[in-house]
Amino acid sequence: MDGHLQRAERPIPLHTTPDHQGNPPHAAELMAKQLKGANAAVRELLLALSVGFALPGPLPAGLQNKFISGTVEDLDSLVDRAEAAGLLRPDGTVVGTAQHALLSAAPTAKVQALQRELVTVFSSAGQPLGNLARELARGGLADPRVAAELEQAADAVLENDPRLASQLYEEALLAGADPLATAARRAQAAAGDGDLDAAARIIDALLVSQDPPDVRRGADVAASVWAQRGMLARGGDVYSWLGPGRVGPSAPLAAVAMIGAGDRAAAESFFQPDAPAASPTLLAAALVQTGQGILASLGDKPQQGISILIHASDMLNAAGTALPLPETPAALAALLALHSGEPHLAETVCRAAAAAGQGGDAAQPRLLLLQAWAAMMQDKLEDARLAATEAAKANHWPLVPRDEFMCAALEVGIARRNGDVPELLRAWERAREAMLHTSVDLYNLLPWGELLIAAARLRETRRVAQYLEDAWKLLGRLGSPALWAVPLHWSGVQAALLNESPADLAPHATALARASAHSQLAAVLATAGKAWVSVLAGRFRTADVEGAARLLGAVGMPWEGARLAGHAAARADERRDMMRLLACARDLHPQSSAAGTSGAAEAQAGSGADAGKGNQPDASGLSEREKEVARLVLEGKTYREIGEAIYISPRTAEHHIARIRRRLGAENRSDLLARLRLALGVEHSQQLNPQQE
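Definitions and cut-offs
- Residues numbered from 1 in each chain as written.
- Predicted model: local features only at pLDDT ≥ 70, side-chain atom pairs only at ≥ 80, totals over all residues.
- Heavy atoms only, no water.
- Helix = DSSP H or I, 4+ residues; strand = E, 2+ residues; numbered from the N terminus.
- Buried < 20%, exposed > 50% of the residue type's maximum accessible area, 1.4 Å probe, protein only.
- Contact = heavy atoms within 4.5 Å.
- Areas by Shrake-Rupley, 256 points an atom, 1.4 Å probe, with all protein chains shown as cover.
- Core = buried A, V, L, I, M, F, W, Y, C linked by side-chain atoms within 4.5 Å.
- Expected span 1.5 Å × (residues − 1).
- Arc of directions from axis to C-beta.
- Phe/Tyr/Trp six-rings, centres within 6.5 Å; stacked < 30°, edge-to-face > 60°.
- Lys NZ or Arg CZ within 6 Å of the ring centre and 35° of its normal.
- Axes fitted to C-alpha atoms, helices over the stretch in contact; angles between N-to-C directions.
- Parallel < 35°, antiparallel > 145°, perpendicular 65-115°, else oblique.
- Left-handed = near helix turned anticlockwise from the far one by under 90°.
- Salt bridge = Lys/Arg side-chain N within 4 Å of Asp/Glu carboxyl O.
- Nonpolar A, V, L, I, M, F, W, Y, C, P; charged D, E, K, R; others polar.
- Patch = residues over 30% accessible without salt bridge, like charges linked within 9 Å, V, L, I, M, F, W, Y side chains within 5 Å.
- Lys, Arg positive; Asp, Glu negative; His and termini not counted.
- Charge placed at Lys NZ, Arg CZ, Asp CG, Glu CD.

### A word on the overall build of the protein
And then number 1: When you go through the protein residue by residue, the secondary structure sums to 37 helices and 0 strands.
And then number 2: Relative to its 693 residues, the protein shows a buried fraction of 54%.
And then number 3: Restricting the contact set of the protein to residue pairs at least 6 apart, pairs at least 24 apart contribute 63%.
And then number 4: With an accessible surface of roughly 29900 Å², the protein has 52% of that area assigned to carbon and sulfur atoms.

Here you go:
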């Protein structure tokens with residue numbers, strides 16, 4: 001018997017003397033040298049086990065035949081010798097170093113022949129390869145049976161774990177799977193994992209091929225990718241290329257993309273809302289109701305669309321599948337709710353969908369951003385900021401262009417409502433960059449409306465003019481549906497007020513009045529618009545303004561309502577009217593500081609007779625209300641910024657500053673600033689530098 005194995009208690013040594021250059025020999029070379037002669041059968045057994053065969057068998061046919069013919073000793077003896085040599089563990093697995101050495105030393109052809117024989121053993125027994133299939137593919141074995149099992153495994157997790165599915169499909173390709181046959185599914189997995197670039201490359205290769213397989217799925221993925229890129233119209237083009245004859249169960253998705261791009265006629269040629277679902281499943285019903293809901297939102301009773309889409313969202317949540325969609329039903333339901341003045345409903349729908357994983361990981365940022373938008377509308381600015389932060393961290397990929405645009409507009413809205421001008425300027429720069437990477441569609445009108453208002457305030461309207469023109473054209477192609485158009489008209493009203501442009505305001509006010517018959521939100525906004533005009537003209541009834549402000553609060557716009565009441569309070573002739581409107585503003589916007597709201601009232605009350613002790617000048621020569629304005633002047637705020645901070649118009653702020661200048665005898669702005677610092681003295685220094693106290 002060979003010297004290396006003749007004593008059971010001695011393991012086969014895996015070391016020898018260095019070569020002539022002083023380098024230790026490679027373990028594989030040692031193994032090859034040591035397992036020869038009588039030990040060749042041990043080597044053959046260990047190699048088979050290293051490949052994946054298991055004790056007690058079945059083992060490779062060649063080794064089994066040697067046992068039968070008696071060419072080698074029986075299996076138990078070989079196992080005992082291998083264990084005694086320290087190469088085989090008691091559980092029948094080869095020691096790691098020995099396994100690596102054996103596989104490295106064996107010819108590739110021999111290893112792969114054993115691997116194919118192993119696959120045959122599993123196939124004959126009707127057993128799945130499991131993780132062994134992945135190991136074989138990564139090891140370089142090309143075998144259609146391995147590829148098929150990896151494809152099946154990827155298909156099973158495609159809608160629940162797209163990242164794992166991507167890995168399995170790639171391994172299937174290594175094992176010899178057809179790249180074209182798996183293209184649509186591979187693209188779906190990549191898109192579901194958030195890798196839009198990889199998904200687009202795979203889909204491009206599929207769609208340019210002759211008679212592409214699984215083309216409907218490929219079109220769904222392409223439309224979803226285009227939507228996330230902020231180019232929804234291109235998604236509609238993909239479905240137009242696919243044609244009604246091949247669209248099948250994806251017809252509702254085609255309708256969502258085409259309506260979002262402003263092409264209702266094309267949508268109706270693809271999707272018949274009265275047609276039955278393709279199958280009696282939750283998924284098929286959810287898709288049909290998604291199409292029905294979006295079409296209903298364009299009609300005279302758009303509120304019906306909200307309930308239909310909520311049902312679709314609930315069904316898709318229950319189905320537990322993550323399909324490639326231009327928009328999820330939850331996102332569409334939330335958008336309709338936001339456009340209808342029901343932000344709380346939008347928030348709850350998105351929260352339920354996010355918890356259920358609707359749309360997969362790729363849809364999570366969108367749902368979180370819609371939650372954030374709903375919170376912002378309800379004046380829950382901290383909640384909005386937290387949800388936006390969570391959206392940015394939801395996936396390992398950066399926000400897609402569509403979501404980045406919404407997030408940037410959200411930051412603008414939060415900064416505007418906080419009256420934080422430096423933050424508004426920073427957010428505006430981010431939004432300017434984001435808007436260059438997206439285009440206007442029906443489902444991003446809310447961000448465009450917010451940017452219109454911010455642009456008016458910052459005197460940057462030219463930056464958004466073309467986009468807003470595109471938005472009005474899109475709405476016009478859809479028949480100017482009230483539900484979708486009303487919030488944008490309200491943004492137009494606010495922008496016109498900021499620009500002090502009655503001519504720009506008139507068409508939006510008319511449109512709101514016209515839409516009032518079909519939209520409660522339009523009726524509220526029309527009333528609020530009239531109240532704003534009366535306040536700025538200085539001819540308003542307190543009861544009318546308060547009523548309009550509280551109506552704004554009732555439709556999810558408490559900040560807008562408080563702002564209206566605050567501006568009116570600053571222009572009220574009677575103190576009781578001022579206090580009534582201020583109370584209304586505080587009710588709607590309790591987060592505002594007492595100094596800010598009381599300062600608004602005091603500033604305006606000071607223009608008439610002295611109303612109380614707070615209006616009397618002290619040793620500084622300024623009343624408390626004038627000090628409030630003075631502090632804002634010293635902070636470098638403009639008339640417009642002062643007005644935003646204390647709920648007065650820029651013109652009223654200008655009047656206050658002129659009165660302060662006259663009282664202090666300042667001849668120019670620099671003189672005014674110097675006199676204000678002297679007048680405010682220690683108090684102002686402490687306000688700006690509290691740590692110096």
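So, next bit.
### A word on the nonpolar core
And then number 1: The biggest cluster of nonpolar side chains holds 156 residues, and the ones touching the most others in it are Tyr-239, Leu-442, Tyr-443, Leu-451 and Trp-484.
And then number 2: Tyr-443 has contacts with Leu-232, Val-256, Ile-259, Gly-260, Ile-294, Glu-327, Leu-332, Leu-335, Arg-366 and Trp-484, leaving out every residue within four places of it along the chain.

### Side note on helix 22 (residues 381-392)
And then number 1: With 12 residues, helix 22 ought to run about 16 Å at 1.5 Å a step, and its terminal C-alpha atoms sit 17 Å apart, in line with that.
And then number 2: Among the residues of helix 22, Leu-381, Ala-384, Ala-387, Ala-388 and Ala-391 are the ones counted as buried. Taken end-on, helix 22 shows its buried residues confined to a sector of 125°, consistent with a single buried face.

### Section: the packing of aromatic side chains
And then number 1: Taken as a whole and assessed by the stated rule, the structure comprises 3 aromatic pairs.
And then number 2: Among the aromatic side chains, those forming a connected cluster through ring pairs are Phe-405, Trp-448 and Tyr-467.
And then number 3: Lying over the aromatic face of Trp-226, Arg-234 brings its terminal NZ or CZ to 4.6 Å of the ring centre.

### Some points on the environment of Ala-191
And then number 1: Topologically, Ala-191 is positioned in helix 10 (residues 183-192).
And then number 2: Assessed through its relative accessible area of 5%, Ala-191 is described here as buried.
And then number 3: In the structure, Ala-191 is positioned 31 residues away from Ala-222 in sequence and 9.1 Å away in space, judged by C-alpha atoms.
And then number 4: If sequence neighbours within four positions are ignored, Ala-191 has contacts with Ala-199, Val-221, Val-225 and Ala-362.

### Here we look at the packing of helix 11 (residues 196-207) against helix 12 (residues 215-228)
When two helices pack together, their arrangement is given by the angle between the helix axes and the distance between those axes.
And then number 1: Between helix 11 and helix 12, the shortest axis-to-axis distance is 10 Å and the interhelical angle comes to 140°. It follows that helix 11 is oblique to helix 12 by the angle criterion. Classified by chirality, the crossing of helix 12 by helix 11 is left-handed. On helix 12, the residues that touch Leu-196, Ala-199, Ile-203, Leu-206 and Leu-207 of helix 11 are Val-215, Gly-218, Val-221, Ala-222, Val-225 and Gln-228.

### Considering the pattern of salt bridges
And then number 1: What the rule picks out here adds up to 33 salt bridges.
And then number 2: Its salt-bridge partner being Glu-151, residue Arg-185 comes within 3.2 Å of it at the nearest N-O pair. Of this pair, Arg-185 sits in helix 10 while Glu-151 sits in helix 8 (residues 144-157), and the two are 34 residues apart along the sequence.
And then number 3: Accessibility expressed as a relative area gives 12% for Arg-185, which makes it buried.
And then number 4: Across the pair Glu-423 and Arg-426 runs a salt bridge, and its minimum N-O distance is 2.8 Å.

### A look at the environment of Val-493
And then number 1: Structurally, the position occupied by Val-493 is in helix 27 (residues 482-498).
And then number 2: In sequence terms Val-493 and Leu-505 are 12 residues apart; their C-alpha atoms lie 5.2 Å from each other.

### Examining the environment of Phe-540
And then number 1: Along the chain, Phe-540 turns up in the loop between helix 29 (520-537) and helix 30 (542-554).
And then number 2: In the structure, Phe-540 is positioned 31 residues away from Arg-571 in sequence and 9.4 Å away in space, judged by C-alpha atoms.
And then number 3: Excluding residues that lie within four positions of it along the chain, Phe-540 makes contacts with Ser-534, Val-535, Val-545, Ala-568, Arg-571, Ala-572 and Leu-581.

### Structural notes on the side chain of Thr-182
And then number 1: Tracing the sequence through the fold places Thr-182 in the loop between helix 9 (162-174) and helix 10.
And then number 2: By relative accessible area, Thr-182 is classed as buried at 1%.
And then number 3: Not counting residues within four places of it along the chain, the set of residues in contact with Thr-182 comprises Glu-151 and Leu-173.

### Structural notes on the packing of helix 27 against helix 28 (residues 502-515)
And then number 1: Where helix 27 meets helix 28, the axes come as close as 8 Å, and the angle between the chain directions of the two elements is 150°. Judged by the inter-axis angle, helix 27 sits roughly antiparallel to helix 28. The element helix 27 and its partner helix 28 pack so that their crossing is left-handed. Contact residues: Ala-482, Val-486, His-489, Trp-490, Gly-492, Val-493, Ala-496 and Leu-497 in helix 27; Asp-504, Leu-505, His-508, Ala-509, Ala-511, Leu-512 and Ala-515 in helix 28.
And then number 2: A class-by-class count of the residues in the contact of helix 27 with helix 28 yields 11 nonpolar, 3 polar and 1 charged.

### Re a negative patch on the surface
And then number 1: A cluster of like negative charges, contributed by Asp-74, Asp-76, Asp-80 and Glu-83, occupies part of the molecular surface.
And then number 2: Position of Asp-76 among the secondary structure elements: in helix 4 (residues 75-84).
And then number 3: The exposure class assigned to Asp-76 is exposed, which follows from its relative accessible area of 58%.

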